[in-house]
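Observations on the three-dimensional arrangement
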Amino acid sequence: MTALPTGPDVTPGEAVEAARGWIAAHLPTAWREAGEQGGPRAVRTVRTREEYRAWYPEFGASGLVAATWEVDYGGLGWSRRAAVAADEALRPYHLPRLNPLGLNLAAPALFAHGTEEQRRRFLKPITRAEEIWCQLFSEPGSGSDLASLSTRAELDGDTWVVHGQKVWTTWADQADYAVLLARTDPDAPKHQGITYFLLAMRQPGVEVRPLPHIGGEAEFFEVFFDGARVPDAHRLGDPGNGWRVAQATLAGERQMVSGGGSVGVDRIGGVSASHLVRLARRRTESGLPGGWDDPLVRARIVELWCEEQVRTWTNRRVRARQAGNLPPGPESSIGKVHGTDLNQRIQETAATLSGEDAIAWPGTASSPAEYWASMPAETRGMLRSRANTIEGGTTEVNKNVIAERVLGLPKDFDPYRGKPWRDLPRS
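Residues numbered from 1 in each chain as written. Predicted model: local features only at pLDDT ≥ 70, side-chain atom pairs only at ≥ 80, totals over all residues. Heavy atoms only, no water.

1. Digging into the overall build of the protein
Each helix and strand in the protein was counted, giving 13 helices and 8 strands. Computed over C-alpha atoms, the radius of gyration of the protein comes to 23 Å, within 12% of the 22 Å expected from 2.2 N^0.38 for 427 residues, which places it in the range of a compact globule. With the C-alpha coordinates aligned to their principal axes, the bounding extent of the protein is approximately 70 × 50 × 50 Å. Counting only residues that meet the buried cut, the protein has 52% of its 427 residues in that class. Put simply, of all contacts in the protein between residues at least 6 apart along the chain, 72% involve residues at least 24 apart. Surface summary for the protein: the accessible area is close to 19,800 Å², and the carbon and sulfur share equals 52%. When the 50 basic and 53 acidic side-chain charges of the protein are each reduced to a single mean position, those positions are 4 Å apart. (Helix = DSSP H or I, 4+ residues; strand = E, 2+ residues; numbered from the N terminus. Rg over C-alpha atoms; globule rule 2.2 N^0.38 Å. Buried < 20%, exposed > 50% of the residue type's maximum accessible area, 1.4 Å probe, protein only. Contact = heavy atoms within 4.5 Å. Areas by Shrake-Rupley, 256 points an atom, 1.4 Å probe, with all protein chains shown as cover. Lys, Arg positive; Asp, Glu negative; His and termini not counted. Charge placed at Lys NZ, Arg CZ, Asp CG, Glu CD.)

As structure tokens, then:
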């Protein structure tokens, strides 16, 4: 293993040289040559997803996955500027971070509210994708009004026993651990009776069921708890303080869904604005109307491209906080509201530019998985993007966050504020 320099004094130039040296020593030759010759698109042609997953622990062990984290937590202790410079050097080789829910949802809460023992236990396996994470927040009847949740946890000695149900849990079938919100005091007001836990998924009392979405793929799941157990040592923050702890996770989720970039999911559903240029030029080359030679189409694509750059700049502000091991602030909601709406408009445009190919394509499918795989990328992206304005907090909820926490406007009137949770009306 090639040792990389550590500490905050590493300069951006030194970080770039270190990253390039690490690539030369550790990246498989075919991947490295493809990246140098053709960038990420070329890398995808010589590397399968399975091959990348098998190799990924080597990337995680380097410290480059979360370079601003301290060495004891799996990082290199670099400054934000050094980490960003190294990421730019790595970009041609297409090295996406696996375990995005661990990096973006669990880690911010651990940094903001975890004990030193908890950070040392969980953060390093997160960077290496040795323990995959999911989020157990939303419930039937408690989505936008998350604080009304009813999954309960009761203390039994030094262990909490969990009963209830969660829904719309991404990648629950793959997860080893989950961040969990559960009701621990039904006599307290709804925001004050919640506790935040780190729950092991692979145990008796946890049942995971798939929820296929419109394209046939099952990336969402519902999870049922019947006596699942969590050691009190895996409670994050004080009992009843879970809502405050959860804000670090929720802000990270909004940032990830908005297109956060370097430490998570670049885009949830679809293609980039640059791909629209290629689609439009392809239409023109094929002699079809509505292509790159149409000034109205060009203007539309350039407008979307410009908005994508604005989104990128907003996300950089949030990543600057993450680089200092701080949870994203209210600006993550700004990025989420704009980024998810923007992504839907980009995917709709991509489907439009694809013409008839977006609604009819050759091939047969004997299963939902085969049908999903045969679908054109532009159609798949358009369908998947419909969830963007719901997942990670609905657009309406995030607009309230912006109004109250960014603009300082009064909170919405709540006739039940301060009343015990058990006395509140619930669906």
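2. Comments concerning helix 6 (residues 116-127)
Between the first and last C-alpha of helix 6 there are 17 Å, a value that for 12 residues agrees with the 16 Å anticipated at 1.5 Å per step. The complete set of buried residues in helix 6 reads Q118, R119, F122, L123, P125, I126 and T127. Among the structural elements, helix 3 (49-62), helix 5 (100-113), strand 1 (133-136), strand 4 (177-183), strand 5 (194-200) and strand 8 (235-236) are those in contact with the buried residues of helix 6. Following helix 6 by one or two positions, A129 adopts a phi angle in the positive range, close to 55°. (Expected span 1.5 Å × (residues − 1).)

3. Points about the pairing of strand 5
Remark: a regular strand shows side chains that alternate across the two faces of the sheet. Most of strand 5 is tucked away: 6 of the 7 residues are buried. Pairing geometry for strand 4 and strand 5, over 7 bridges, is antiparallel. Residue pairing for strand 5: L181 is matched across the bridge by Y196. Judged from the 2 bridges that link them, strand 5 and strand 8 form a sheet pairing that is antiparallel. Looking at strand 8, one finds that Y196 is bridged to L236. (Pairing = 2+ DSSP bridges.)

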